[in-house]
Amino acid sequence: VMRRLSAAGAAILLSMVVGVLPALAQTSSTMASVEIPAEYAHPEGLVDADWLAAHLDDPTVRIVDARMPFEGSLYETAHIPGAVFVNVSNELCCPSAIMPAEEFASLMGRLGIGDDTTVVIYDTEGGRWAARLWWALRYYGHEAAAMLDGGLRSWVSSGGAVETETPEVEPAVFTPEVQPRWRATLDEVKEAIDDPAVHLVDALPLSSYTGDWTLFGGGHIPSAVSLPAPDTLNEVFLTVHGPNVLSAMLMRLGLDPSQRVITYCGGGPHGSHDAFVLHLMGFDDVGLFDGSMMEWTSDPSNPVDVVS
């Protein structure tokens, strides 16, 4: 069951999106000439708390707690029954590039994720960390992966129980099949800067995009547009915005579902979330530059733009 906004609620959110960030008008050279349908093209990518409750004891479903890796102890404090934990920073990346196929398959097998497993991933940040695992699964050819809309907050607020026990899971066999389009290399990003058929999307906060925040050196990759991952979420419930709001947001950035889109952030998580949202909205040629700004700024010769 997908969440739907009332017409009034959608209008309010839409006005917030359009009114926020005047600098966004500077982040795209042209407005989108292609209409982006106001509907989820891949609604199966989101499940709600009711769906999860109905499948809690389904042996073909594996729930994964992917909360912010620096809060790993929270898993032991309370998690959704049956959920296993994965540290999306230390276990999936090194520190930003995706782990090799053999190691990824081994990790998935230990978590009880096999070739026929439906994976439901959650965190407490609206999916901004959980999406890292979602993207990794897609990159290694596993399409049966979904995000819990609203994450743990949604589960608890709907009356869902939590537990502290770490479940014993039966090891599974995961067969990785690399899907190259889901990952963008450094060379591809360099070529994309001057390629009008490829869009670069920066998922970091606007303050980083403009150069005011310098955690990753400040600024953005030339030609990139700004789509901070939190902007795709309802501020109160941390659920993904409805398709009408996302459609308006993506069209304002000049994005075209028929063209290649490459997302990035500091080290991959927020870029993964933008990739998830774009896929949800029907962008079927999306790649994550998983090295992101950590890799880009490691070479001083790579250009960085700021907003004056």
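Residues numbered from 1 in each chain as written. Predicted model: local features only at pLDDT ≥ 70, side-chain atom pairs only at ≥ 80, totals over all residues. Heavy atoms only, no water.

Participant: Teacher, can you tell me more about the overall build of the protein chain here?
Facilitator: Helix and strand counts for the protein chain stand at 11 helices and nine strands. Counting only residues that meet the buried cut, the protein chain has 54% of its 308 residues in that class. (Helix = DSSP H or I, 4+ residues; strand = E, 2+ residues; numbered from the N terminus. Buried < 20%, exposed > 50% of the residue type's maximum accessible area, 1.4 Å probe, protein only.)

Participant: Got a minute to help me understand helix H4 (residues 101–110) in this structure?
Facilitator: It helps to recall that an α-helix has 3.6 residues per turn; residues three or four apart then point in one direction. Within H4, burial applies to Phe104, Ala105, Leu107, Met108 and Gly109. In this structure, the buried side of H4 is in contact with helix H5 (130–139). (Contact = heavy atoms within 4.5 Å.)

Participant: Just checking my understanding: could you explain helix H9 (residues 243–252) for this structure?
Facilitator: Of all 10 residues in H9, seven are buried, a share of seventy percent or more. Buried residues of H9: Pro243, Val245, Leu246, Ser247, Met249, Leu250 and Met251, and no others. Two residues or fewer past H9, Gly254 is found with a positive phi of approximately 80 degrees.

Participant: Mind showing me how you'd approach a negative patch on the surface here?
Facilitator: A grouping of Asp187, Glu191, Asp194 and Asp195 is seen on the molecular surface, where their side chains present a negatively charged patch. Along the chain, the position of Asp195 falls in the loop between helix H7 (186–192) and strand E6 (198–202). A residue is classified by how much of its surface remains accessible, and Asp195, at 31% relative accessible area, is partly exposed. (Patch = residues over 30% accessible without salt bridge, like charges linked within 9 Å, V, L, I, M, F, W, Y side chains within 5 Å. Areas by Shrake-Rupley, 256 points an atom, 1.4 Å probe, with all protein chains shown as cover. Salt bridge = Lys/Arg side-chain N within 4 Å of Asp/Glu carboxyl O. Lys, Arg positive; Asp, Glu negative; His and termini not counted. Charge placed at Lys NZ, Arg CZ, Asp CG, Glu CD.)

Participant: Can you walk me through the pairing of E6 in this structure?
Facilitator: On a regular strand, each side chain points to the face opposite its neighbour's, so the side chains alternate between the two faces of the sheet. The element E6 is extensively covered by neighbouring structure, given that five of its five residues are classed as buried. Burial along E6 is two-sided: Val198, Leu200 and Asp202 and His199 and Val201, pointing in opposite directions, are all buried. Strand direction decides the pairing type here: E6 and strand E8 (residues 260–264), joined by five bridges, are parallel. Looking at E8, one finds that Val201 is bridged to Thr263. Pairing geometry for E6 and strand E7 (residues 225–226), over two bridges, is parallel. Bridge pairing links Val201 to Val225 in E7. (Pairing = 2+ DSSP bridges.)

Participant: Explain the nonpolar core here, please?
Facilitator: The nonpolar side chains of soluble globular proteins are, as a tendency, buried together. Ranked by size, the top nonpolar core spans 58 residues in total, and within it Phe104 and Leu133 carry the most contacts. Looking at this core, the elements with two or more residues in it are H4, strand E4 (118–122), H5, strand E5 (145–148), H9, helix H10 (269–280) and strand E9 (286–288). With eight residues, the single largest contributor to this core is H5. Setting aside residues no more than four positions away along its own chain, Leu133 makes contact with Val64, Val86, Val88, Leu92, Phe104, Met108 and Ile121. Counting residues in each nonpolar core, the second largest holds 16 residues, with Val189, Ala224, Phe289 and Trp296 among its members. (Core = buried A, V, L, I, M, F, W, Y, C linked by side-chain atoms within 4.5 Å.)

Participant: Looking at this structure, I do not really get the pattern of salt bridges. What am I missing?
Facilitator: It is possible for side chains of opposite charge to pair when their charged atoms get near one another. According to the stated counting rule, one finds five salt bridges in the structure shown. The salt bridge partner of Asp65 is Arg67, with a shortest N-O separation of 2.7 Å. Look at Arg67 and you get buried, because its relative accessible area is 4%. Ionic pairing is found between Arg128 and Glu125, a salt bridge with its closest N-O pair at 3.4 Å. We note that Arg128, like Glu125, is buried. In this structure, a network of salt bridges that share partners links the residues Glu188, Arg260 and Asp285.

Participant: Could you clarify how one ought to interpret the sheet that holds E7 in this entry?
Facilitator: What holds strands together in a sheet is hydrogen bonding between their backbones, with the strands either parallel or antiparallel. Ordered in space as E7-E6-E8-E9, the four strands form an open sheet in which the pairing is parallel. Each having just a single partner strand, E7 and E9 make up the two edges of the open sheet. In this sheet, E9 lies alongside E8 in parallel orientation, the contact comprising three bridges. Bridging from a neighbouring strand, Val261 pairs with Val286 of E9.

Participant: Would you mind showing me how to read the sheet that holds E4 here?
Facilitator: Read across the open sheet, the five strands follow the order E1-E5-E4-E2-E3; overall the sheet is parallel. Since the sheet does not close on itself, it has two edges, and those belong to strand E1 (46–47) and strand E3 (84–85), each with one partner.

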